[in-house]
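Spelled out from the first residue to the last, the chains are:
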Amino acid sequence: PPRVDAPGGVVRISRSVLMMGLPSAEHNRWGVPHDVEITDSTIVASESADAALPDETGRSSAAISVIPDTLASGTPAAGPHRFVFDRCRFELAPDVEADDTAYAVSNDDSDRSIVVRASTLGAGFTGWFAPTCAGCEIAP
């Protein structure tokens, strides 16, 4: 499972498929994003990578979870502190249950800007942003 820590770097991902599962302390998180842009990509939210795990009802999660800490060493750089999704498609994997609450993005860090531009949200999502999503906006 992915985890991206970009406290002072630039991350560009384009024309890709990102499989994201339920966030944990080490996985499926984006820590302290400095300047991240995902373009023309599909983000697929999955409930679990292990079909043998027992089902839990009523989970609430986001395809992309941004957190204010990092596993990377170094001091976060000054700068845009932005995370942009441009022309992306968000989808739910078949293992996400109908009683789950799914959002595209969750952001716990008010110092970060999350921008979704010209993107689409697939069936089954409750909304673009989790209720506590700080600095989140839809851009034309």
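Structure: above.
Residues numbered from 1 in each chain as written. Predicted model: local features only at pLDDT ≥ 70, side-chain atom pairs only at ≥ 80, totals over all residues. Heavy atoms only, no water.

Caption draft 1: Structural context of the pairing of strand E3 (residues 17-20). Only one face of E3 is buried, namely the one carrying Leu18 and Met20, since none of Val17 and Met19 on the opposite face is buried. When E3 meets strand E6 (residues 42-45), the two strands line up parallel, connected through four bridges. Note on E6: the bridge partner recorded for Met19 is Val44. (Buried < 20%, exposed > 50% of the residue type's maximum accessible area, 1.4 Å probe, protein only. Helix = DSSP H or I, 4+ residues; strand = E, 2+ residues; numbered from the N terminus. Pairing = 2+ DSSP bridges.)

Caption draft 2: Summary view of unusual backbone geometry. One non-glycine residue, Arg15, adopts positive backbone phi at about 45 degrees. With respect to the element layout, Arg15 can be found in the loop between strand E2 (10-14) and E3. For Arg15, a relative accessible area of 70% corresponds to the exposed category. The phi torsion at Arg87 lies on the positive side, around 55 degrees, for a residue other than glycine. Its place among the elements puts Arg87 in the loop between strand E8 (82-86) and strand E9 (89-92).

Caption draft 3: The pattern of salt bridges, seen in detail. Per the stated rule, a full pass over the model turns up eight salt bridges. Note that Asp40 and Arg87 form a salt bridge whose closest N and O atoms lie 2.8 Å from each other. On the criterion of sequence distance, the pair formed by Asp40 in the loop between strand E5 (35-39) and E6 and Arg87 in the loop between E8 and E9 is long-range, its members being 47 residues apart. By relative accessible area, which is 42% here, Arg87 ends up partly exposed. Overlapping salt bridges bring together Arg12, Asp35, Glu37 and Arg82 as one network. (Salt bridge = Lys/Arg side-chain N within 4 Å of Asp/Glu carboxyl O.)

Caption draft 4: Structural detail: the nonpolar core. In terms of nonpolar packing, the biggest core is built from 26 residues, with Trp30, Ile38, Ile43, Ile64, Phe83, Phe85 and Phe90 touching the most fellow members. Those residues in contact with Phe90 that lie beyond four places of it in its chain are Ile43, Ala63, Ile64, Phe85, Ala104, Thr120, Leu121, Gly122, Phe125 and Trp128. (Core = buried A, V, L, I, M, F, W, Y, C linked by side-chain atoms within 4.5 Å. Contact = heavy atoms within 4.5 Å.)

So far we have only geometry, and geometry alone does not tell us how the molecule works.
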